[in-house]
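If you want the building blocks of each chain, they are given just below.
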2 protein chains.
Amino acid sequence: MRLADLGERSGVPLATVKYYLREGLLPPGRRINATQAEYDESHLRRLRLVRAMIQVGRIPVATVREVLAHVDDDSLGLTVRLGAALWALPHPAGEAPGAPAEAAGPSREAAGPSREAAVDPHRAAADLLVDELLARLGWSAARELGALSPAHRALVTTLATLHRLGYPLDADDLLPYARTMEQAAAHDLDRMEQLPTPREQTEYAVASAALFEPVLLNLRRLAQCEESNRRYGL
Amino acid sequence: MRLADLGERSGVPLATVKYYLREGLLPPGRRINATQAEYDESHLRRLRLVRAMIQVGRIPVATVREVLAHVDDDSLGLTVRLGAALWALPHPAGEAPGAPAEAAGPSREAAGPSREAAVDPHRAAADLLVDELLARLGWSAARELGALSPAHRALVTTLATLHRLGYPLDADDLLPYARTMEQAAAHDLDRMEQLPTPREQTEYAVASAALFEPVLLNLRRLAQCEESNRRYGL
């Protein structure tokens, strides 16, 4: 299809499609003459993903570019490819951006209490808590990767903040939630595996991480209301 | 304790404590003479909650005041009290605020396809999907309340957006996630019930809804990484 058709079929304004092309978020089409190029279904799929990440996920253009570089890296095994793409996404840390714990940036240590732990007792408590939780869950990969993983760092930061604000949690509190998220992750991968290629699978994982979170959170709120009605009546 | 002790024990700057008092987010202390008042543990607990909602949940002051009015309303049964407090919280709709579907505001119809459905096929599809999902789950309270509930509205809006962007989901996709969120909600209420009074229970539910979401989302990301490593190796 031509560029105009790509815009029409995706519902994305042509100026926006051209902007994504210029920014390298959408790969160039196959050139058919001096002024025209041909686009296919893979462009349409990518265009949807890019728009969803920017418009719904509110992810910065530079971050989208970084995520897509991993999605497109056919040299990677599936776990690393998925991991790299998902790690490049923003992680909710439950704290205003630029807050001290966030601004500290990635810790270089692979596991165990980080250097800041020595000065911040809340962070030290959160570090120990996450380590105990992962050990009890038997999540050995997550434990081994430790603070290299942004989800691990964001989890520690969030728990440190809750601790500091007077809401300390322990591993018994977190275990049932982690188990339910383990089930959710298994469903994520079951669904992903229905797609034919590793590239489409990685695209799906990114879309699901960036777009599916509000679905989960609203399902939780609905379930709370339902369960409360069941237990206490109206 | 005196006002200065309240600031010290909570770690909240005195100017901020005074601001919360002026804004009515913190109830006044028991006056002991012309210039001093006495504060107790309930003030400390409330101060933590208010600061967490504003600082971590980034919830506007007017919304915090509305939520707390429900938390403090001893005339309400527990389900309605919880519901009212949780409904007053912001709901993630997976879309930039002010986007058309959001700006349409609450629908007045309690259930079934809303009026906008006639003009937006994506919203109509999302309405039907949520209705089917709730029916299959047997979540009768959520189904009956329908679009009166902000979580229901936000879920429909999110699914309509995903549909519009080319990521249609069906009830089979959503059922396993809803079931895991049902388990999470049961844990939420188990934990809440350990607290002695309906007011403390409602405070806990609000804190958990506003602060616990980043914990859940990061646990999901960690679980995805773990499960992917299990299935595909490193």
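Scroll up to find the structure.
**Here we look at the overall build of chain A**
Assigned secondary structure in chain A consists of 12 helices and two strands. The N-to-C order of helical and strand elements in chain A reads α-α-β-β-α-α-α-α-α-α-α-α-α-α. Going through the 234 residues of chain A one by one, you find that 52% of them count as buried. Excluding contacts between residues fewer than 6 apart, the proportion of contacts in chain A whose partners are at least 24 apart in sequence is 62%. Carbon and sulfur atoms make up 55% of the accessible area of chain A, which amounts to about 10,300 Å² in all.

**Notes on the environment of A15(A)**
All names here are of chain A. Here A15 is to be found in helix 2 (residues 14-22). Of the residues examined, A15 reaches a relative accessible area of 57% and is grouped as exposed. Linking A15 and A147, residues 132 residues apart in sequence, is a C-alpha distance of 41 Å.

**Topic: the interface of chain B and chain A**
Taken together, the contact pairs 89 residues of chain B with 90 residues of chain A. In this structure, the connection of chain B to chain A is made through 12 salt bridges. Residue E213(A) pairs with R221(B) through a salt bridge whose shortest N-O separation is 3.2 Å. Our count for the contact surface shared by chain B and chain A stands at 36 residue pairs in polar contact (both at pLDDT 80 or more).

**A few points about the relation of the copies chain B and chain A**
Between the two chain copies there is a screw-like relation: a rotation about an axis and a shift along it. Rotating chain B by 180° and moving it 0.0 Å along the rotation axis overlays it on chain A with an RMSD of 0.0 Å. In symmetry terms, the pair is related by a two-fold rotation axis. Using C-alpha coordinates, one finds that chain B approaches the rotation axis most closely at T180(B), a distance of 2.7 Å. When you check the interface residues of chain B against chain A, 100% turn up at the interface there too, and the contact is symmetric in its surfaces.

**Details of unusual backbone geometry**
All names here are of chain A. Unlike most non-glycine residues, R58 shows phi in positive territory, near 50°. Structurally, R58 is set in the loop between helix 3 (41-55) and helix 4 (61-71). Looking at R58, the relative accessible area reads 49%, which means it is partly exposed.

**Some remarks on the pattern of salt bridges**
Oppositely charged side chains can pair when the atoms bearing their charge come close. Tallied over the full model, the rule gives 44 salt bridges over all chains. A salt bridge links D72(B) to R46(B); its shortest N-O distance comes to 2.7 Å. Residue D72(B) is located in the loop between helix 4 (61-71) and helix 5 (78-87), and its partner R46(B) is located in helix 3 (residues 41-55); the two are separated by 26 residues in the primary sequence. D72(B) sits in the partly exposed class, given a relative accessible area of 29%. Given the relative accessible area of 4%, R46(B) is considered buried. Residues joined by salt bridges that share partners form a network here, namely R45(A), R46(A), D72(A), D74(A), R81(A), R199(A), E200(A) and E203(A).

**Here we look at helix 7 (residues 121-137) of chain B**
All names here are of chain B. The end-to-end C-alpha distance of helix 7 is 24 Å, a good match for the 24 Å that 17 residues give at a rise of 1.5 Å each. N-capping of helix 7 is provided by D120, with a side-chain oxygen placed 2.9 Å from the backbone N of H122. In the segment just after helix 7, G138 is the residue with positive phi, at about 75°.

**Comments concerning the packing of aromatic side chains**
Going through the model one piece at a time under the given rule, you end up with four aromatic pairs over all chains. Taking 6.1 Å as the distance between ring centres and 50° as the angle between the ring planes, the aromatic pair formed by Y19(A) and Y20(A) counts as tilted. With a relative accessible area of 5%, Y20(A) lands in the buried category. Each ring, one from F212(A) and one from Y177(B), has its centre 4.7 Å from the other, and the planes form 70°; the classification is edge-to-face. Taken as a pair, F212(A) in the loop between helix 11 (198-211) and helix 12 (213-232) and Y177(B) in helix 10 (residues 171-192) lie in two separate chains rather than in one. No difference in accessibility class separates F212(A) from Y177(B), as the two residues are buried.

**Thoughts on the packing of helix 11 (residues 198-211) of chain B against helix 12 (residues 213-232) of chain B**
All names here are of chain B. Between helix 11 and helix 12, whose axes approach to 5 Å, the crossing angle comes to 45°. As the angle between them shows, helix 11 and helix 12 are arranged oblique. On the side of helix 11, the interface is formed by S208, A209 and L211, while helix 12 contributes E213, P214 and V215. When the residues that make up the contact of helix 11 with helix 12 are grouped by side-chain class, the tally is four nonpolar, one polar and one charged.

**What about the environment of L217(B)?**
Relative to the assigned elements, L217(B) resides in helix 12. Not counting residues up to four positions away in its chain, the partners in contact with L217(B) are P92(A), E213(A) and L217(A).

**Brief notes about the environment of W139(A)**
Secondary-structure assignment places W139(A) in the loop between helix 7 (121-137) and helix 8 (140-145). By relative accessible area, which is 0% here, W139(A) ends up buried. Separated by 135 residues in sequence, W139(A) and A4(A) place their C-alpha atoms 48 Å apart. In this structure, W139(A) is in contact with L134(A), A178(A), E182(A), L219(B), L222(B), A223(B), E226(B) and R230(B), ignoring residues within four places of it in sequence.

**Here we look at helix 12 of chain A**
All names here are of chain A. For helix 12, with 20 residues, the first-to-last C-alpha span of 28 Å sits near the 28 Å given by 1.5 Å per residue. Of all the 20 residues making up helix 12, 16 are buried; the element is thus mostly covered by neighbouring parts of the structure. Positive phi shows up at G233, right after helix 12, with a value of about 70°.

Cut-offs and rules
Residues numbered from 1 in each chain as written. Chains lettered and ligands numbered in written order. Predicted model: local features only at pLDDT ≥ 70, side-chain atom pairs only at ≥ 80, totals over all residues. Heavy atoms only, no water. Helix = DSSP H or I, 4+ residues; strand = E, 2+ residues; numbered from the N terminus. Buried < 20%, exposed > 50% of the residue type's maximum accessible area, 1.4 Å probe, protein only. Contact = heavy atoms within 4.5 Å. Areas by Shrake-Rupley, 256 points an atom, 1.4 Å probe, with all protein chains shown as cover. Salt bridge = Lys/Arg side-chain N within 4 Å of Asp/Glu carboxyl O. Polar contact = N/O pair within 3.5 Å; in protein donor to acceptor, adjacent residues only side chain to side chain. Least-squares fit on C-alpha atoms with pLDDT ≥ 70 in both. Expected span 1.5 Å × (residues − 1). Phe/Tyr/Trp six-rings, centres within 6.5 Å; stacked < 30°, edge-to-face > 60°. Axes fitted to C-alpha atoms, helices over the stretch in contact; angles between N-to-C directions. Parallel < 35°, antiparallel > 145°, perpendicular 65-115°, else oblique. Nonpolar A, V, L, I, M, F, W, Y, C, P; charged D, E, K, R; others polar.

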